[in-house]
Amino acid sequence: MNEINNEWAFLIKKAREVQKNAYAPYSNYNVGACLKSTSGKIYSGCNVEHSLYTLTTHAEVNAIDTMIASEGANARIEVLAITIPKKSEKPNFPCGLCRAKISEHMKNPEIPILTSFPSGDLVRIASLEELYPHKSFKSLN
Ligand SMILES: [Zn+2]
């Protein structure tokens, strides 16, 4: 568990709100994501599943793509929060695909990634560098 500031608590709250809109009839695992870009704008996303699983959009990707669509190709993530179902036993950080996606659009490798405990009262924080220390592909970042 970590101490969080008001801004981070706000991002968790917004992620929890958008999590309710997830379309997850196959996994029954609703996820919400909310990020703040370096311009100070806030973007949210939820997972949107598809019966052809490869067409599923993860919440983090949804939020990042919305940031790019709004601000353009040079937009960068300053901090990102996710929320997971309250039935979960422990907090989870973004999956490997999302870690790769975040790394492409991050401000720097030290950006904080927040994940709430299912109870919603506590938060775990790790840097993207901790979660994704070795890139396996060429990236502009
Ligand atoms: Zn993911």
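Residues numbered from 1 in each chain as written. Predicted model: local features only at pLDDT ≥ 70, side-chain atom pairs only at ≥ 80, totals over all residues.

A. Inspection of the overall build of the chain at higher detail. Each helix and strand in the chain was counted, giving 4 helices and 5 strands. Each helix (α) and strand (β) of the chain, taken in turn from the N terminus, gives the series α-β-β-α-β-α-β-β-α. The C-alpha radius of gyration computed for the chain amounts to 14 Å, which stays within 12% of the reference 14 Å derived for 141 residues, consistent with globular compactness. Across its three principal axes, the chain shows a C-alpha extent of roughly 40 × 35 × 30 Å. Counting the 141 residues in the chain, one finds 35% classified as buried. Across the chain, every contact between residues at least 6 apart in sequence was considered, and the portion connecting residues at least 24 apart equals 62%. (Helix = DSSP H or I, 4+ residues; strand = E, 2+ residues; numbered from the N terminus. Rg over C-alpha atoms; globule rule 2.2 N^0.38 Å. Buried ≥ 20, exposed ≤ 12 C-beta atoms within 10 Å, placed from the backbone. Contact = placed C-beta atoms within 7 Å.)

B. Up close: the environment of V31. On the secondary structure map, V31 appears in the loop between α1 (6-19) and β1 (32-37). A tally of 25 C-beta atoms within 10 Å means that V31 is categorised as buried. Spatially, the C-alpha atoms of V31 and A69 are 21 Å apart, while their sequence positions differ by 38 residues.

C. Examining the sheet that holds strand β5 (residues 123-127) more closely. Spatially, the 5 strands line up as an open sheet ordered β2-β1-β3-β4-β5, and their pairing is mixed. With partners counted over all chains shown, the strands left at the sheet margins are β2 (42-46) and β5, one partner each. Within the sheet, the average angular offset between the axes of one strand and its neighbour, ignoring direction, is 20°. Bridge count for β1 against β2 is 5 bridges, and the pairing is antiparallel. (Pairing = 2+ DSSP bridges. Axes fitted to C-alpha atoms, helices over the stretch in contact; angles between N-to-C directions.)

D. Seen up close, the nonpolar core. If you look at the biggest cluster of nonpolar residues, it comprises 31 residues, and the most contacted ones within it are A15, A33, C34, L35, A63 and A81. Among the secondary structure elements, those contributing two or more residues to this core are α1, β1, β2, α2 (59-71), β3 (77-83), α3 (96-104) and β4 (112-116). (Core = buried A, V, L, I, M, F, W, Y, C linked by C-beta atoms within 7 Å.)

E. Up close: the pairing of β2. Within β2, 4 of the 5 residues are buried, which leaves it mostly tucked inside the rest of the structure. Counting the residues between successive antiparallel strands, the hairpin from β1 to β2 contains 4 residues, one of them, G40, with a positive phi of roughly 95°.

F. Examining α1 more closely. Spanning 14 residues, α1 covers 20 Å between terminal C-alpha atoms, matching the ideal 20 Å at 1.5 Å per step. Within α1, the full set of buried residues consists of L11, I12, K14, A15, V18 and Q19. Angular distribution of buried residues about the axis of α1 spans 165°; they occupy a single face of the element. Buried residues in α1 make contact with β1, β2, β3, β4 and β5. (Expected span 1.5 Å × (residues − 1). Arc of directions from axis to C-beta.)

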